[in-house]
Amino acid sequence: MPQPTALCVYCGSSSGKHPDYAEQARAFGAEMAERGMALVYGGGKVGLMGTVADAVLAGGGKVIGVIPRQLVDLEVAHPGLSELVVVDTMHQRKTRMYELSDAFVALPGGFGTMDEMFEMLTWAQLGLHRYPCAFLDARGYYRDLRAMMDHMVDERFVRPEQRDSLWFGDDMTALFDWMQTYEGTYLPKWIDNQSVDA
């Protein structure tokens, strides 16, 4: 596929314990702007969310935030975005972010980041999209998650091809190169001969 034009980034609404997380988010946003890729994200001005958005904006890039009205009312919405889409629910937020994007990357984050990214992984597994999904690491943040996915494969809950269709790493250049050559994987056959007791 060609290089994505609108990249959805999931990441923390806090900056985490180590400054490396914010440094990576800032560098990633700057690289997106340099490559002419729009950022689609959760619309916040705080944490890594705000850091990556500010970096894209500082580089002259386009940033689209999607945020539930409740969070706007709590005054965490970023005031300087190219576009801010306000929705009523978290479910609408995730759907709209998906509609606006053609690739998905998780930077370090918490439960919300995992929820959003794993929904995109599930939709890819079901054949609802064939966009690239990647985990951009910092300080080995996603090392144990990758090991857990390997365990899922070993225990036959996830197919190797599905696990292998994801990208993990901390090299941004390698990530962007991978996205340009990505080919979606969809395996419609869920039950094989070993899955049933004849």
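One can find the structure itself at the top, above this paragraph.
Sequence order as written defines residue numbering, which begins from 1 separately in each chain. Confidence filtering applies because this is a predicted model: local features only for residues at pLDDT of at least 70, side-chain atom pairs given and counted only at 80 or more, and all residues used for totals across whole chains, interfaces and linings. Water and hydrogen atoms were dropped before computing side-chain values, which therefore reflect all heavy atoms in the structure.

Peer 1: Before we move on, could you go through the packing of helix α1 (residues 19-34) against helix α2 (residues 47-58) and cite the residues and values that matter?
Peer 2: Every angle, taken between N-to-C directions, lies between 0 and 180 degrees, and every axis is a line fitted to C-alpha atoms, over only the stretch in contact when it is a helix. Strands here are runs of E lasting at least two residues and helices are runs of H or I lasting at least four, both read from the DSSP assignment and numbered beginning at the N terminus. Contact geometry of α1 with α2 gives a least axis separation of 7 Å together with a crossing angle of 35 degrees. For the pair α1 and α2, the crossing hand works out as right-handed. In this structure, α1 uses Tyr21, Ala22, Ala25, Arg26, Phe28, Gly29, Ala30, Met32 and Ala33 to contact α2, whose residues at the interface are Leu48, Thr51, Val52, Ala55 and Val56. Under the scheme applied here, ten amino acids are nonpolar (Ala, Val, Leu, Ile, Met, Phe, Trp, Tyr, Cys and Pro), four are charged (Asp, Glu, Lys and Arg), and all others, including Gly, are polar. Classifying every residue of the contact of α1 with α2 gives eleven nonpolar, two polar and one charged. For a crossing to be left-handed, the near helix must be turned anticlockwise from the far one by less than a right angle; the clockwise case is right-handed. Residues are treated as being in contact if the distance between any of their heavy atoms lies within 4.5 Å.

Peer 1: Lay out the sheet that holds strand β1 (residues 6-10) in plain terms, naming residues and giving numbers.
Peer 2: In short, DSSP must find at least two bridges between two strands for them to pair. Across the sheet, seven strands lie side by side as β4-β3-β2-β1-β5-β6-β7; this open sheet has parallel pairing. Two strands lie at the open edges of the sheet, namely β4 (83-87) and β7 (167-169), each paired on one side alone. Taking the axes of each pair of neighbouring strands and ignoring which way they run, one obtains an average angle of 20 degrees across the sheet. Judged from the three bridges that link them, β1 and strand β2 (residues 38-41) form a sheet pairing that is parallel. Considered in β2, the bridge of Ala6 is made with Ala38. Where α1 meets the sheet, its contacts fall on β1, β2, β5 (103-106) and β6 (133-136), and the angle it forms with β1 comes to roughly 170 degrees.

Peer 1: Can you lay out α1 for me, pointing to particular residues and giving the numbers?
Peer 2: Multiply 1.5 Å by the residue count of a helix minus one, and that product is the helix's expected span. Under the 1.5 Å per step criterion, the end-to-end length of α1 is 23 Å for 16 residues, consistent within 8% with the ideal 22 Å. We call a residue buried when its accessible area falls under 20% of the maximum for its residue type, exposed when it is over 50%, and partly exposed in between, using a 1.4 Å probe and counting protein chains only. Where α1 is concerned, the buried positions are Tyr21, Ala22, Gln24, Ala25, Phe28, Gly29, Met32 and Ala33. Residues of α1 that are buried sit in contact with β1, β2, α2, β5, β6 and α8 (172-181). Backbone geometry just downstream of α1 places Gly36 in the positive-phi region, at approximately 75 degrees.

Peer 1: Pulling in residues and values, what's your account of the pairing of β5?
Peer 2: The side-chain alternation of β5 yields two buried faces, one formed by Ala103 and Val105 and the other by Phe104 and Ala106. For β5 and β6, the ladder comprises three bridges, and the chain directions are parallel. Opposite Val105, over in β6, you have Ala134 as the bridge partner.

Peer 1: Got a sec to walk through the side chain of His129? Specific residues and values, please.
Peer 2: Along the chain, His129 turns up in the loop between α5 (111-125) and β6. Polar contact is defined as a pair of N or O atoms within 3.5 Å, subject to the rule that within protein one atom must be able to donate a hydrogen and the other to accept it, and that residues adjacent in sequence are counted only when both atoms are side-chain atoms. There is a polar contact of 2.9 Å between the side chain of His129 and the backbone oxygen of Met120. Setting aside residues up to four positions removed in sequence, His129 forms contacts with Tyr98, Phe104, Met120, Trp123 and Ala124.

Peer 1: Please set out the packing of α1 against α8 residue by residue, giving values where relevant.
Peer 2: Put simply, α1 and α8 touch, their axes get as near as 11 Å, and they point 45 degrees apart. In terms of their interaxial angle, α1 and α8 are classed as oblique. Pair α1 / α8 crosses with right-handed handedness. Facing Ala27, Phe28, Glu31 and Met32 of α1, the residues of α8 in contact are Met172, Leu175 and Phe176. Each angle receives one of four descriptions, namely roughly parallel if under 35 degrees, roughly antiparallel if over 145, roughly perpendicular if within 65 to 115, and oblique otherwise.

Peer 1: I'd like to hear about the nonpolar core, residue by residue, with values.
Peer 2: For the purposes of this section, nonpolar cores are sets of buried Ala, Val, Leu, Ile, Met, Phe, Trp, Tyr and Cys residues that join through side-chain atoms within 4.5 Å. Core analysis: the biggest nonpolar cluster contains 31 residues, and Leu7, Phe28, Met32, Leu39 and Leu175 have the highest contact counts within it. Within the residue set of this core, elements represented by two or more residues are β1, α1, β2, α2, β5, β6 and α8. Ranked by residues supplied to this core, first place goes to α1 with six residues. When residues no more than four places from it in sequence are discounted, the contact partners of Leu175 are Phe28, Val105, Ala134, Leu136 and Trp167. Core analysis: the next-biggest nonpolar cluster, separate from the first, contains 24 residues, Ala6, Tyr10, Met97 and Leu121 among them.

Peer 1: Tell me about unusual backbone geometry, and name the residues and values.
Peer 2: Positioned with a positive phi, Arg139 is a non-glycine residue whose angle comes to about 60 degrees. Residue position: Arg139 is located in the loop between β6 and α6 (143-154). Take Arg139: its relative accessible area is 47%, and that puts it in the partly exposed class. Its identity is not glycine, yet Arg156 carries a phi of approximately 65 degrees, on the positive side. Of note, Arg156 is situated in the loop between α6 and α7 (160-164).

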